[in-house]
Structures are given as structure tokens and as C-alpha cells.
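Breakdown of the fold
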Amino acid sequence: MTSSGTNRIEEPSLLRFIRLDLDVPFHRDLFDLIMERNLSRAGIRYADGGEGKQFLRANLKRLDLSEEALPALDLPALLLNDPKIPTLPEVLYKINTILSDPNSSAYEIASAVSLDHALSARLLKIVNSPFYGFSHQIDTVFKAVSIIGTTQLGALVNGVELVRALSKGSTRIHVRSFWKHAIAVGIISRFLATLRRMGDPERYFMAGLLHDIGRLITSTVAPMHFTVAAARAERQQETLRRTEKEIMGMDHGEAGALLLGHWKLPFSLEQMVLFHHAPGRSSLPRDASVVHLSDIIAHAMDVGSSGELFVPSVDGAALGEIDLPREAMALVIGESEIQINEVSSFFFPD
Ligand SMILES: [Fe+2]
Ligand SMILES: [Fe+2]
């Protein structure tokens, strides 16, 4: 944090920016844009990261676990064997097998999806929403496949089903707030990839949805360790990612990628999840940079919460991969803001 930055971050609700060096142009532009957005409050449809963060802080106070009392932990073994880890929904095994076969047809994937009525209904609701902006009603999965393509539909189905399958279990993370953050990162990633003409927008949506999945899962299988890591992060004003690694030997990117690999999900997805905090280390740095930048923007916007209290710093490598000047950043924030609540309501109708 710079001295100029300290003066500008006095309000408790802006504490999330405290780890950012505001002399870095990307950070400064982002901070300024969020301040402008906050001033025109009419444009803000949500800024509810506080809900998830309050839940986390209340838990830390209530549980107050000692670091010394922690038992040894073999997180990789737990992630692969703990009965609390959900298995990949059957329908996804089927669909992903079809998708990975180069000879498969759009008809085959549409047939597999159509057999699951609840899934088909959720899917058609999303495809018919303003999020896609089609001018006419798409009333069957077959039509949806022919319009948005098999790869896109496959990614969308995976995203929708995994959110549903993984939404139970954690008592240490505010699950709804967690998914709102994930949906926000998915939408921003999708928009950013489209803006930079990277193709396959749903692949980025899915990567955004799943980028922090390792955190939801570790907080389920190793709740004490997760709580101690979160307490240390809060106490030291450190990122939770760093303290996860210190306490559990793995950060949530590594944990998430382990799980995705175990479920045989695509390599590019695994890379985006594994390196969303260090895209320069990925073998697909441009892909990982999309999720990295989107995550930072979602944190700055304070949409939902994955348990991270502070806006993470940008990795310079990401800015080399994806050009995101202030005007583009403003566009990304403005456009995604409109879509986030809408898409959240498909996943969590109430
Ligand atoms: Fe993360
Ligand atoms: Fe995140």
C-alpha cells in the first residue's frame, strides 16, 4: 500500500483494497473505477461481499482455534478419498465422454442432456435469458445445441450441474455468497474473453464458476485447518491463498485442479483453475490470465465472497497477455454488473 493509497482507503468497507499498491496503474484504475461506481450508487445492484465476509469473521470469532492444536493433514489424500466429496454427476460423465469423442454428433449430446428433465429445464431458462439475447424462443435442447454449438453447450451444462452438485457441505464458507463470487468471475471471464476475441466463451464462464472450487472443498474436508488459515490471513492482512498453503500445504487453486483432474475435466480448465492466481506459470497463460484478471475485478466490485478478505494483486504476466486499459475495464465492470444478478437468479431462484 502506498501513502497516497492509505489516505484514500479509510472507510472500513474499502479495507479490501488495503493490500494493493495503488502506484500500479492497473490497481489505480480499478480502484478509481470502483470509487466512481460507488458514487453513482444508483448503478449498483449489489455489493454484498460483506455478507460472506461477515459470516467468515463471525465463525473465526466463535471457533477461535489454536494453530498449535492442529492435527497433521494429508490434503491430497482427503480430496481424493473423503466421502464428503461429491462424485461427478452421472449425466456429466456421459456428456463429457460424448464431447471428448471427435466423431460424436450434436444429436448425441442433445439426447444425453434431454434425458435429464430438470437439467434441460435449467439450461433452457439460461439460454432463453437476456444473457444470450436471442430474439426467438429456444424450446428444446436440440435447438439450443444447434444455435450455441456442442462445445459451448457442454461447458454450460458442466457449469450448471457442478454448482448444483457442489453446493452442499461447507459450514465454514457462506455457500451462496461463494457462488455469487464464482458466477461473477464466470461472467466477467466470459465477457473479457469475448472482448479479446478468444473464442469459446462458455469455457471461460465455466472456468470462472469453478476457479475457487478448491476452497469450498477444503473448507468441507478440513474445516479446522481452513478456519486457522482464514484466521491467520485476517490477523496478518495476508491473502487466504498464502495462508492456505502455509497451513494445509496446498492452496485452493492446487486443490481445485487436483479434483478437476480426478474428474477428468478438460486440461485447459484445470490450468485456468490451477494458475488463476499466478497465470504466468501456466502452460496456457492467456487463458489463466482471463480468470486472474476477472477474479481481481470481482473482488474489487465486492460481489459475493469466496472467503478472501482482500483484493488480490495483479500478476504482471497477465497484463502482458490481456490488454485491459481503463476504458476496457470500465466496459467490463459496467456490462458484467448488469448480468450478474440475472444469472445468479437462475442458479439460486428464491
Ligand atoms: Fe482464488
Ligand atoms: Fe476468486
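Residues numbered from 1 in each chain as written. Chains lettered and ligands numbered in written order. Predicted model: local features only at pLDDT ≥ 70, side-chain atom pairs only at ≥ 80, totals over all residues.

**Here we look at the overall build of the protein**
The following threshold applies: The numbering of helices and of strands both runs from the N terminus, where a helix is a DSSP run of H or I of at least 4 residues and a strand a run of E of at least 2. Radius of gyration means the value over C-alpha atoms here, while the globule rule gives 2.2 Å times the residue count to the 0.38 power. As a rule, residues whose C-beta atom has 12 or fewer other C-beta atoms within 10 Å are exposed, those with 20 or more are buried, and those in between are partly exposed; C-beta atoms are placed from the backbone.
When helices and strands are tallied, the protein shows 19 helices and zero strands. For 350 residues, the compact-globule estimate of 2.2 N^0.38 gives 20 Å, and the protein sits close to it at 20 Å. Taken along its principal axes, the extent of the C-alpha atoms in the protein is 60 × 50 × 40 Å. The buried share of the protein, taken over its 350 residues, is 46%.

**Here we look at the packing of helix α10 (residues 175-195) against helix α11 (residues 201-210)**
Test applied: Axis definition: a line fitted to C-alpha atoms, limited for helices to the stretch in contact. Angles are taken between N-to-C directions and run from 0 to 180 degrees. Reported orientations rely on four angle classes, namely roughly parallel under 35 degrees, roughly antiparallel over 145, roughly perpendicular from 65 to 115, and oblique for the rest. Each crossing gets its handedness from the near helix: less than a right angle anticlockwise from the far helix is left-handed, clockwise is right-handed. A pair of residues counts as a contact when their C-beta atoms, built from backbone coordinates, are separated by no more than 7 Å.
Contact pair α10 / α11: the axes reach a minimum separation of 7 Å and the direction vectors enclose 150°. Considering their axes alone, α10 and α11 lie roughly antiparallel with respect to each other. The interaxial crossing formed by α10 with α11 has right-handed handedness. Every residue of α11 that contacts α10 at Ala-182, Ile-183, Val-185, Gly-186, Ile-187, Ile-188, Ser-189, Arg-190, Ala-193 and Thr-194 is listed here: Pro-201, Tyr-204, Phe-205, Ala-207, Gly-208 and Leu-209.

**Observations regarding the domain arrangement of the protein**
Filter applied, for reference: Each domain's extent was defined by an automatic or database domain assignment. Note on residue categories: nonpolar means Ala, Val, Leu, Ile, Met, Phe, Trp, Tyr, Cys or Pro, charged means Asp, Glu, Lys or Arg, and polar means any other residue, Gly included.
Split by domain assignment, the protein resolves into domain 1 (14-86 + 171-347) and domain 2 (88-165). The gap between the C-alpha centroids of domain 1 and domain 2 is 26 Å. For the side of domain 1 that touches domain 2, the secondary-structure elements that each account for two or more residues are α10, α11 and α19 (326-347). Its residues placed into classes, the side of domain 1 that touches domain 2 shows 10 nonpolar, two polar and five charged.

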